[in-house]
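Architecture at a glance
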Amino acid sequence: MPETFITSKMKTTTGVIIEADKVADLETKEGSTLTKQTDGVVKYNLANFHLQRILNNNTRNKSIALLGCFPEQSDTAKAVVIFEKQAFRESEVATESDQSGKQLLEKNCEDHVNKTSPMSYFCSDLKVQTEFINDIYGSYQCVPPVELSGVKATVVYPASQKHIEKYTVCQKYIISETPELYEEITLPYISTSQHSLEWVYNILDHKQEVERIVYEDPDPETGFILLPDLKWDGRTLETLYLLVITHKRGIKSLRDLNAHHLPLLRNIRSRAAEAIEKRYGLLSAQLRMYLHYQPSFYHLHIHINPIRNDAPGIWCEKSHMLDMVINNLELIENYYQKATLPFVLHEGNELLEQYELKMSIRRAPKHLSEKYNEKDETSSSKKLKLDDINISEVVSK
């Protein structure tokens, strides 16, 4: 098993993930016109991406999702490109004069990820432009060395409508799914409309991404593969994001779990933690292990990332901690066949349309509808004026 995960290309049957700082080398090797290869993976030139519209510009996560195409491949096949600025690595702020920092760096568990000599922001290649200095405060615009300026690029090509919806900013709604609603609406939908699982089976069958496997337990009942999630750049320990994919097939989601799956779940919890500690130096108490509901694909998988990282999809209405799942099944063997489970659907999702036929979800609140139907003069007459407010009464409250 390889000791490094700094890969320039990670293949799946649904797309190719390319690190931005490796694109030039990749293009040199593969040429400007890329076609579908014998392994079923579509090749393309990322530099020739043609933008059609921006799906989402996330200022908090410093990422942007773009919709477009690769004209040299097809004018009709859609491509989704996500650019994401990288998190800082602690090794990148080390200075030569800071001997204690060097010693700390040597002990830092980031060395489990990258054994190469780290590049620092504090070097002669750092370009600094002063904006202002006022007393003890200074503001600057800094351009770091090119080695520290990489942007991670994730490409989904060809992208389906579901992929486009996933990365599009839109209105979202919470569904409280009872067991009855699951059987009546959700299950029939996912049975006919889920994404292809071919890329999952390629990993399990060692047809793709073998070099990315961190750990594998081959047992067909309790075994799994642990590998980096596509969200991770493969280098920055602070944003470590791993995925567990079970060898056992036929478990679509949390809903299918029962007490018979406890050996599988316990095995994942213990062995994945051991593998991560050995490879990355992180303790089990520093890890977040959880399942999504609804998941992005319907083959049982578990997300793992450090507690210190605010990873996407960790919010309470989507994630279910593995410890809690195990505990629930220890208390009630068919807990997830009896529980009402909340999940989020976004505008344009076909499953939302199915639920809308059963219940009213997107209706406008009655009091708001009435309010905005009032005449302008009536609305304006209801506006509060500062002179009408007794300030002493407000303060006392």
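The chain appears in an unreviewed UniProt entry as m7GpppX diphosphatase from Glossina pallidipes. Recorded under Function (unreviewed entry), the UniProt text for the chain is reproduced unchanged: "Decapping scavenger enzyme that catalyzes the cleavage of a residual cap structure following the degradation of mRNAs by the 3'->5' exosome-mediated mRNA decay pathway." The heading Catalytic activity (unreviewed entry) in the UniProt record of the chain holds the text "a 5'-end (N(7)-methyl 5'-triphosphoguanosine)-ribonucleoside in mRNA + H2O = N(7)-methyl-GMP + a 5'-end diphospho-ribonucleoside in mRNA + 2 H(+)".

**Some details on the environment of Lys252**
Counting through the fold element by element, Lys252 comes out in the loop between strand 12 (242-246) and helix 6 (262-280). For Lys252, a relative accessible area of 23% translates into the label partly exposed. Dropping the residues within four chain positions of it, Lys252 is found in contact with Tyr182, Leu187, Ile190, Pro295, Phe297, Tyr298, His299 and Leu300.

**Let's talk about the packing of helix 4 (residues 179-193) against helix 9 (residues 350-358)**
Put simply, helix 4 and helix 9 touch, their axes get as near as 10 Å, and they point 150 degrees apart. Considered as vectors, helix 4 and helix 9 are oriented roughly antiparallel to each other. Of the two elements, helix 4 crosses helix 9, and the hand of that crossing is right-handed. From helix 4, Leu181, Tyr182, Glu184, Ile185, Thr186, Tyr189 and Ser193 reach across to helix 9, where they touch Glu350, Leu351, Gln354, Tyr355 and Lys358. Looking at side-chain class alone, the contact of helix 4 with helix 9 contains six nonpolar, three polar and three charged residues.

**So, the pattern of salt bridges**
Taken as a whole, this structure holds 10 salt bridges when the rule is applied. As a salt-bridge pair, Glu184 and Lys358 come within 3.2 Å of each other at their nearest N and O atoms. With Glu184 in helix 4 and Lys358 in helix 9, the pair connects residues that are 174 residues apart, well separated along the chain.

**Looking at the sheet that holds strand 12**
Spatially, six strands are ordered 10-11-12-14-13-15 in an open sheet, and the strand pairing comes out antiparallel. The strands lining the two open edges of the sheet, one partner per strand, are strand 10 (215-217) and strand 15 (319-321). Going across the sheet, the axis of each strand differs from the next one's by a mean of 30 degrees, ignoring polarity. Here strand 11 (residues 224-228) pairs with strand 12 via five bridges, running antiparallel.

**Points about the side chain of Asp217**
Relative to the assigned elements, Asp217 resides in strand 10. On the basis of relative accessible area, Asp217 is assigned to the buried category, the value being 7%. Polar contacts involving the side chain of Asp217 include one to the main-chain amide nitrogen of Asp219, which spans 3.1 Å. Filtering out sequence-adjacent residues up to four positions away, Asp217 remains in contact with Thr222, Gly223, Phe224, His247, Asn267 and Arg271.

**Examining the pairing of strand 3 (residues 50-58)**
For strand 3 and strand 4 (residues 63-69), the ladder comprises seven bridges, and the chain directions are antiparallel. Each residue of the ladder has a partner; that of Asn56, found in strand 4, is Ala65. Between strand 3 and strand 4, which pair antiparallel in sequence order, lie four residues; one of them, Lys62, sits at a positive phi of approximately 55 degrees.

**Quick notes on the environment of Val93**
With respect to the helices, strands and loops of the structure, Val93 is situated in the loop between strand 5 (79-85) and helix 2 (99-107). When the C-alpha positions of Val93 and Phe122 are compared, they lie 6.7 Å apart, and in sequence the two are 29 residues distant. Here Val93 is in contact with Ser120, Tyr121 and Phe122, once residues within four sequence places are set aside.

**So, the nonpolar core**
If you look at the biggest cluster of nonpolar residues, it comprises 52 residues, and the most contacted ones within it are Leu226, Leu242, Leu257, Ile276, Ile302, Ile304 and Tyr355. No other element matches the nine residues that helix 6 contributes to this core. Excluding anything up to four places from it in sequence, Tyr355 contacts Ile175, Glu177, Leu181, Tyr182, Ile185, Thr186, Phe343, Leu345 and Ile361. Counting 11 residues, the second largest nonpolar core, distinct from the first, contains Trp199, Ile203, Ile225 and Phe297.

**Regarding the UniProt feature "active site" (unreviewed entry) in the chain**
On the UniProt side, "active site" (unreviewed entry) is annotated at positions that read His301 here. Within the secondary structure, His301 sits in strand 14 (residues 301-306). Take His301: its relative accessible area is 5%, and that puts it in the buried class. Those residues in contact with His301 that sit more than four places away from it in its chain are Leu243, Val244, Leu291, Pro295 and Ser296. One polar contact links the side chain of His301 to the main-chain carbonyl oxygen of His299, over a distance of 2.7 Å.

Calculation rules
- Residues numbered from 1 in each chain as written.
- Predicted model: local features only at pLDDT ≥ 70, side-chain atom pairs only at ≥ 80, totals over all residues.
- Heavy atoms only, no water.
- UniProt positions renumbered as here; feature names shortened; annotations may be inferred.
- Helix = DSSP H or I, 4+ residues; strand = E, 2+ residues; numbered from the N terminus.
- Buried < 20%, exposed > 50% of the residue type's maximum accessible area, 1.4 Å probe, protein only.
- Contact = heavy atoms within 4.5 Å.
- Axes fitted to C-alpha atoms, helices over the stretch in contact; angles between N-to-C directions.
- Parallel < 35°, antiparallel > 145°, perpendicular 65-115°, else oblique.
- Left-handed = near helix turned anticlockwise from the far one by under 90°.
- Nonpolar A, V, L, I, M, F, W, Y, C, P; charged D, E, K, R; others polar.
- Salt bridge = Lys/Arg side-chain N within 4 Å of Asp/Glu carboxyl O.
- Pairing = 2+ DSSP bridges.
- Polar contact = N/O pair within 3.5 Å; in protein donor to acceptor, adjacent residues only side chain to side chain.
- Core = buried A, V, L, I, M, F, W, Y, C linked by side-chain atoms within 4.5 Å.

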